[in-house]
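# Secondary and tertiary structure notes
The primary structure of each chain is shown beneath.
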Amino acid sequence: MFGMEAHTMFFVKALAFLLLLMTLGELTTRCYCWAATGFLLWAVMTSVGLSSDDSVAAIAALLFVRAVPMLYKRALTVAATYPLAMILPIAKHILPKYTITEENFYDCDGCSAEVAQKRRVALKELSDKWKTKYPKCHDFSQELKKMISDLRFTSSRCFPAFNEVVQKYLDPSMALDRTEGVDVVDLDGNSSMDVSGSYGVNVCGYETYKEFIEQGWKTAKKAGLFLGSLDKVVLDNISMLQKISGQPEVSFHMSGTEAVMCAVRVARFNTKRKMCVTFGGAYHGWWDGMQPVVGNDRIPADVLCLKDMSPLSLKVIELRASEIAAVLINPLQCFHLNQSPPSDPILSSNNRNVGTTPGYKEWLHKLRKVCTECNIPLIFDEVYTGFRLEPRGAQGAYDVKADIVVYGKTLGGGLPIGICCGPKDLMQRGDKLKAARINYVIGTFAGHPFVMATMNAFLKWLQTPETIKSYDTMHENIDRFISKANSTFKEKSYPIQLTSWFSVWSILYSDPGRYHWMFQYYLKDAGVNLSWVGTGRLLFSLEWQHKDYDRLLERLLVACEAMKNGGWWDPPVANIKQKLGVEVATAVAKNVLSMLSGSS
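Since this is a predicted model, take the numbers as computed values, not measurements. (Residues numbered from 1 in each chain as written. Predicted model: local features only at pLDDT ≥ 70, side-chain atom pairs only at ≥ 80, totals over all residues. Heavy atoms only, no water.)

## Here's the deal with the overall build of the chain
- When helices and strands are tallied, the chain shows 21 helices and 14 strands.
- Taken over the C-alpha atoms alone, the chain extends approximately 90 × 70 × 45 Å along its principal axes.
- Counting over 600 residues, the chain shows a buried share of 50%.
- For the chain, restricting intrachain contacts to residue pairs at least 6 apart in sequence, the fraction spanning at least 24 positions comes to 76%.
- Accessible area of the chain: about 29800 Å², with a carbon and sulfur share of 61%.
- When the 66 positive and 59 negative side-chain charges of the chain are each reduced to one mean point, those points stand 4 Å apart. (Helix = DSSP H or I, 4+ residues; strand = E, 2+ residues; numbered from the N terminus. Buried < 20%, exposed > 50% of the residue type's maximum accessible area, 1.4 Å probe, protein only. Contact = heavy atoms within 4.5 Å. Areas by Shrake-Rupley, 256 points an atom, 1.4 Å probe, with all protein chains shown as cover. Lys, Arg positive; Asp, Glu negative; His and termini not counted. Charge placed at Lys NZ, Arg CZ, Asp CG, Glu CD.)

Below, the structure is given as structure tokens:
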């Protein structure tokens, strides 16, 4: 019509070139290769006499043959993927924040007016009590919240819809003055038994860490701040770490997250593959490159989050071995399989389901076998479990040898540390054949003299027969405590039950209820110090003795009685799941209407 038919190929080429420029860096190299291959095949076929239609049909047939196995792998991957990893990218834009007003706060489970009034009075009494019990802690917390976003975030310790009302009355923040054995003492002079475990660091006991720090300073003070040159203490540490990890090389860092970053980077660099595999709910530090679910606004495209202990997951690893740089395991998942770490902020009712998972050791051995057969490095993230389960961590507890092991937390002897241990071929920082291909993994404070010295004190302490025996004693004490506590709770008809995995433990709630998260506040009042996850994950240390466990049980019972008397454990009248469904649906509808009215 416009006389341009003769120039069709020019326009096709121009369009292809423009599309290339517009999508450069947005699409993978594979997409461009497929497009280029298809175009070349079409050009060759048409040049030997085939019509355009026949050429396209032939290319389509070839593409179908190639697509079948790829689509099979993709379908299997979807089936094996941890559901939240697929849902979250959509859900985070839809699920709204909503608040239960104080008017509805006390009876949102459909209780009677009498029970609601009992709860109202109980919350007010607790609030008034805390004003005189924790005045300095409260003032200190309020001032810090103005400057530290972390503290504002971790102050939200109950199911989100209740936060606004609870924070109006209660501030659970603790301002530390000192530690005394298993107790922590706040600025107001209140002594509490610590079961927070300092986010997993406190394995040995606070008094023991004080000794490590004092010993370390005696060793390190002559070196001061000098960095960049290592000394004999570092060599001694490496020698001990080689025996613990079973690996010949060590890389020093300043946190567990940094050590995980190192492990993933060296695995990707030395295997020349990009994809990493993690398992549902596992936490590998705050780096957004290894957080494929909640807590990360940027969902990484090069991480496969698969279902833990699933045969399908093993099959996916086998089928996609050529893409996978490493498989990461956090052995702590044995305690809450295919779930995020348990915490009170997600406690909507009695929906907590944690405890030792049967068959986890056998699963790790199967995974080890698949990784070996597929030549995929297996990384153990032992930042939390290293030295908490036993002196060799999960490798020793489950008799599985990883290819790379990552440590942190307690290994620093009370100071910040991250360690990555692995074989020489996986720890290389440079390419033997390509000069410009370098993997830069280093940090200013790596190998700091003071940290190396406190680590040295810890590692030497770890090897003593007394320390090794103390792990067995601790596990026996914990088993005795859990058994005694559970029988007591049952006898007194309290709706809680304790469960443990080595020195990690949690509180389960046997009956439905919307206010179980309130228990953490009564525990604090009874003299039990928890972290911001509340009753979700609690920790013991090797320092705890029989008398300490008995003292803790007494305080748990005091908190139970206060919960009962406050009406928080009165059975719900309404169906909690239905109530939650209505609340969320209403909030979603309000958000949608708000967006529509705003856009108009």
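## Focus on the sheet that holds strand S14 (residues 538-539)
- The antiparallel open sheet is built from 3 strands, whose spatial order is S11-S12-S14. The two strands at the open ends of the sheet, each matched to only one other strand, are strand S11 (496-501) and S14.
- When strand S12 (residues 504-509) meets S14, the two strands line up antiparallel, connected through 2 bridges. Its bridge partner being in S14, Trp505 is matched across the sheet by Leu538. (Pairing = 2+ DSSP bridges.)

## Section: the pairing of S11
- Taking burial as the measure, the 6 residues of S11 include 5 buried ones, the bulk of the element.
- As judged from the 6 bridges shared by S11 and S12, these two strands associate in the antiparallel manner. Within the sheet, the bridge partner assigned to Ser500 lies in S12 and is Trp505.
- The antiparallel hairpin formed by S11 and S12 contains 2 residues in its connecting segment, where Phe502 sits at a positive phi of about 55°.

## So, the pattern of salt bridges
- Under the criterion given, the structure shown has 25 salt bridges.
- Beyond isolated ion pairs, a larger network of salt bridges with shared partners links Lys124, Asp128 and Lys131. (Salt bridge = Lys/Arg side-chain N within 4 Å of Asp/Glu carboxyl O.)

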